[in-house]
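# Topology and contacts: notes
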Amino acid sequence: MHYKKINNLLGWLCFAIASATYILTLEPSVSFWDCGEFISCAYRLQVSHQPGYPLFAMLGKVFSLLSFGDNAKVPYFTNLMSALASGATIMFLFWTITALAKKLLNGRGEEIENSHLYLIMGAGLVGALAFTYTDTFWFSAVETIVFALSSLCTAVVFWAILKWDAHADEAGADKWIVLIAYIVGLSIGIHLLNLLTIPAIAMVYYFRRYNNITVKRGIIAFLISIVILGLVQFGIRGYTIYFAAWADLFFVNSLGMGFGSGAAFFFLLLMGAVAAGIWYSIRNKKPMLNLALLCVAFIYFGYSSFVYIPIRATANTDLNNSHPDNAFTLYSYLNRIQYGETPLLSGPYFDAKIIDQKDGNTIYSRGKATYESAGKKSDYVYDHTTFLPRIWSTESDPYYAQNLQFYKQWLNLADGQAPTFADNLKWMFSWQMYQMYARYFLWNFVGRYNQMNGQFSSQDVNGNWTSGILDGSKHLPKSITQGTNYAPLYALPFILGLLGAAYHFRRKKRDALVIALLFFFTGIAIVLYVNQNSVQPRERDYSYVGSFYAFAIWIGLGFIAFAEIARKKLNARLAAIGSFAICMLAVPVLLAFKEWKGHDRSTKTIPHDMAYNYLISCPKNAILFTNGDNDTYSLWYDQEVEGIRPDVRIVCMSLFSGDWYIHQMQKKMNQSAPLPVTLPFDKYKAGTRDVIYFNDAKIPGSVELKDIFDFITSDDSRTKVSYQSGDVLNYLPTKNFKLTVNPDEVVKNGVVTPEQKNKLADVMEWKYNSNYVTKDNLAMIDMLAHNKWERPICFTTTMGSEAMFGLQPYLYKEGFVYHLIPFKAETDKSTGQGTKTNSLVMYNNVVHKFKFGNYKKAKYLDDVALTQFYLTMEITFNDLAQGLIKNGHRDLALKAVHKFDEQMPDINPDIDTAAQKFFLAENAYNLGDKALGTRYVKGVANFISDQLDYNYNLLQNNKPNIDQRTVQLGVQLLNGMADTTRNNNEMELSKQLQAQLKDYSNKFAVLMR
């Protein structure tokens, strides 16, 4: 059979195998993190977070139509888009490896021998199928996330440059270069990672087009490729919009024309200039100029998908991040201005102090008829800066305290100790490069312990890599070795990849250098550019999938190297076939076998159901305040796509400080009326009341909230103070707030039942918990002052106390939310603020309305499901049982505990979930179900024993990664369980626990002191 036909057929076979794998393991509904937002934005063509993913949204919309009106099926089909895109990526990876293998073995245009055919195709199959089953790539292949389509763009452009390389001497071969430019332009509308292929592509072009190759010329070519990357990233992608914005400013403010007129003129001028340049290059026979301008034109064609952003922003969609309806907001949106700037080559260490603040460029926002100044960008001056700042974070950063603590912990710095440049480099190499890149690389090609977050320690097993070879001597806990994500790969993919890389450099240095550039720029270069400071909200391995893709090419070529070694003992055909069998079993088959159970999401619906539980816990027409990420994105999906509880207004607190977001909240959304925010836009727009500082006026007692609101929003000079900067601003005169309550109004609006009226307070009094009022707090004061109990106000139970405005004394659990209710303050000091419940309402929500995500039968539970939401479920049922017992409903409390046992698996993912399981056991004992209490206690005891045995082994071997918190809590839990079982006449179990307690107390005496 002809080489081309075999190559095509096997490429499509790889597509079929990979796609079948991903479809079989596809998550059937929404996933955690950004997926809920992406599905919502695709389904209703809305505007997602910066820097925008318009092409992804439009493609997602196409796939969502396959649901044929069954909105619950929308995420399945958008997930299917990722599965098919990932399958196609594997297909192009196969063709990339065979193209490189063909050059390696045959050169260009030579007849292919049968023995070489076996090696070429075998290399493609081994490398492509190995990458199919790698941890990071598989994770993104089964959910609606941009990285699957971004990987496809990377695969296509790299395959296309090899097609050009194979046909560069033929007429019209440069069409492949133009195709690459178009795909690069399109990829900007999916994710920017694809731009990092440009240096490798440019070097392929240089090696093929030029004959006199030298090191000096090679370095110049490489530097030119960096310039091209910069021109695309900052010139075409960034400054095109920047210049359009300034043109629009001139046309609108100086010429009195409409918004968008200047931008439209600029784009017409730009298109005319490119077209004229192309015409000039043809007329004057300048092929290089012609190719360059055609590439620019086709990048712009692809980039034009971003027209979607201002069009949909102007349509005022429900999700409309930053509201980028004009060139200025679009520019800040594309450049992620909201997230702040990251220093790269020069900047402050975390110990630098701000000594001055200078005004930078004017910030423009859209007014009624012209662009208006929203103040100036602040440029801080520090007492010292340094070259290549890696340990950066300043007092202006809201996460400064958290970052500072982690830097000190990681670098072993004492309080007050100034960091040195050596500390800076230590952080870069040990945390940024090793912990946040190399560790991820080793997950994929060496093996992994589990899916827990492992950013905090390079020594701990959680989230760490392992080959598995020495694990038998480590006394690992069963929670690791029996976990679904324990995947030791014995370093076989890594070894084969290293063999392939060495072989490639020995046989084809230039091609190997190209792969090395691809590997570097999609890996270490991202680390250097992103310059992550401190712990991230989640593991970031998905950012480096292009680097893992490059290494998979070397895994494929490693098969050829292995076969070459085998040929020294066997004939060519037998060596090829035998080596293929060994390499397939040792790498792709091993990967599939080890990784499958940790990626099969086909049976879980936890993100969907946890979001449903948040919404269903809310009273009618509630306002629900949430955190970002997993507290918000799945809720957006449930509401925007499936229409679950459209009467609830979701307010994401991490966005609520933006004037655009408050303005959106003042409008109707779905079936939710506007928020009761009375403040006109001009009084809170950007540059106005950005922050209001506390300045104690020594006012006795508490002040009515409406009076405070009127004071801090007044334009009267008597309500303002002057600052050293010369600014004259409003100030907060007191932190002692009160809200007078009309009990009849509260009952009438259904906040409480008529039977609960006598529990209502006449006045709510509380202390504001911050030294300043930001825009989100200002909007909150406005709502509380003017709501008149017409809209229930709720907070998700997973929000931090600092975000709850100091209202904890009046927050009552009703499921997954705290409901603001003006009950009289409880005199029982033993009841913690976080455990107050409106028990009967909560019982109805939790026992009769909650969904449980198939928790008990799911084949795979991710880290968010295991640690965050399993713990949340335990706490919810414990608080419910305690609240019902306190209110005299012991029969309902027992039913609640049984509901948990019926729906949730009896697992103990970590010490915190184990502690809550013990509290559930205590509730079961207290309610008369000794069998359930004993079962839970035994499960917790087994978990603790497993963990303490492992930590004792570490202690004996003087290992530094002992989990002291688990040890201390574990011993405390054993003590508590021994007492509880003794008090419930489980004497044999109590004696066993007492013996364990004594044993472990002796073993860990040195730590317990």
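Above this text you will find the structure in question.
A quick note: this is a predicted structure, and the numbers were derived from the prediction, not measured.

### Let's talk about the state of the cysteines
Summed over all chains, the structure comprises zero disulfides. Free of any disulfide, Cys153 has its nearest neighbouring cysteine sulfur in Cys295, separated by 16 Å. With no disulfide of its own, Cys618 lies 4.5 Å from the sulfur of Cys794, the closest cysteine sulfur.

### Here's the deal with the pattern of salt bridges
Side-chain pairs of opposite charge can arise whenever the charged atoms involved come near each other. If you walk through the whole model with that rule in mind, you get 37 salt bridges. Note that Glu640 is salt-bridged to Arg44, the shortest N-O span being 2.9 Å. Pair noted here: Glu640 is in helix H24 (residues 633-640) and Arg44 is in the loop between helix H2 (35-43) and helix H3 (54-64), with a separation of 596 residues, a long-range link. Residues Lys474 and Asp471 are paired through a salt bridge, measuring 3.4 Å at the closest nitrogen-oxygen approach. Residue class for Asp471 comes out buried when judged on its relative accessible area of 6%. Here the salt bridges do not stand alone but share partners, grouping Glu27, Glu143, Arg601, Lys604 and Asp862 into one network.

### Some points on the environment of Tyr182
Following the sequence through the fold, Tyr182 ends up in helix H8 (residues 175-188). Looking at Tyr182, the relative accessible area reads 32%, which means it is partly exposed. Note: C-alpha distance between Tyr182 and Met987 (805 residues apart in sequence) is 75 Å. Setting aside residues up to four positions removed in sequence, Tyr182 forms contacts with Phe298, Phe301 and Gly302.

### Describing the packing of aromatic side chains
For the structure shown, the criterion picks out 87 aromatic pairs. Seen from their ring centres, Phe92 and Trp95 are 5.4 Å apart, and the 85° between their planes marks the pair as edge-to-face. You can see Phe92 and its partner Trp95 sitting in helix H4 (residues 74-106), three residues apart, about one turn around the helix. Among the residues examined, Trp95 registers a relative accessible area of 10% and is labelled buried. Ring geometry for Phe406 against Trp410: centres 5.8 Å apart, planes inclined by 40°, an arrangement best described as tilted. Note that Phe406 and Trp410 are positioned in helix H15 (residues 400-411) at a spacing of four residues, about one turn of the helix. With relative accessibility at 5%, the residue Phe406 sits in the buried group. Here Trp410 falls in the buried class, since its relative accessible area comes to 13%. One aromatic cluster is present, built from ring pairs that chain together Tyr437, Tyr440, Phe441, Trp443, Phe445, Phe494, Phe505, Phe519, Tyr544, Phe548, Phe551 and Trp554. Above the face of the Phe139 ring, Arg601 is positioned so that its terminal group lies 4.3 Å from the ring centre. Stacked on the ring of Phe694, the Lys or Arg Lys735 has its end atom at 5.0 Å from the ring centre.

### Quick notes on the environment of Ile821
Position of Ile821 relative to the elements: it lies in the loop between strand S18 (817-820) and helix H29 (839-849). Exposure remark for Ile821: the relative accessible area of 0% places this residue in the buried category. C-alpha separation for the pair Ile821 and Ser115, spaced 706 residues apart in sequence, amounts to 79 Å. Look past the residues within four positions of Ile821 in its chain and what remains in contact with it is Val751, Val752, Tyr810, Tyr812, Glu814 and Asn838.

### Regarding the sheet that holds strand S14 (residues 763-767)
Read across the sheet, three strands follow the order S10-S13-S14 without closing on themselves; strand pairing throughout is mixed. Either end of the sheet is taken by a strand with one partner, and the two such strands are strand S10 (703-704) and S14.

### Let's talk about unusual backbone geometry
The amide bond that connects Gln50 to the next residue, Pro51, takes the cis arrangement and shows omega of 0°. Tracing the sequence through the fold places Pro51 in the loop between H2 and H3. Look at Arg689: it is not a glycine, yet its phi comes out positive at around 50°. Positionally, Arg689 belongs in the loop between helix H25 (659-665) and strand S9 (691-694). Using a relative accessible area of 10% as the deciding quantity, one classes Arg689 as buried.

The rules behind each value
Residues numbered from 1 in each chain as written. Predicted model: local features only at pLDDT ≥ 70, side-chain atom pairs only at ≥ 80, totals over all residues. Heavy atoms only, no water. Disulfide = S-S within 2.5 Å. Salt bridge = Lys/Arg side-chain N within 4 Å of Asp/Glu carboxyl O. Helix = DSSP H or I, 4+ residues; strand = E, 2+ residues; numbered from the N terminus. Buried < 20%, exposed > 50% of the residue type's maximum accessible area, 1.4 Å probe, protein only. Contact = heavy atoms within 4.5 Å. Phe/Tyr/Trp six-rings, centres within 6.5 Å; stacked < 30°, edge-to-face > 60°. Lys NZ or Arg CZ within 6 Å of the ring centre and 35° of its normal. Pairing = 2+ DSSP bridges.

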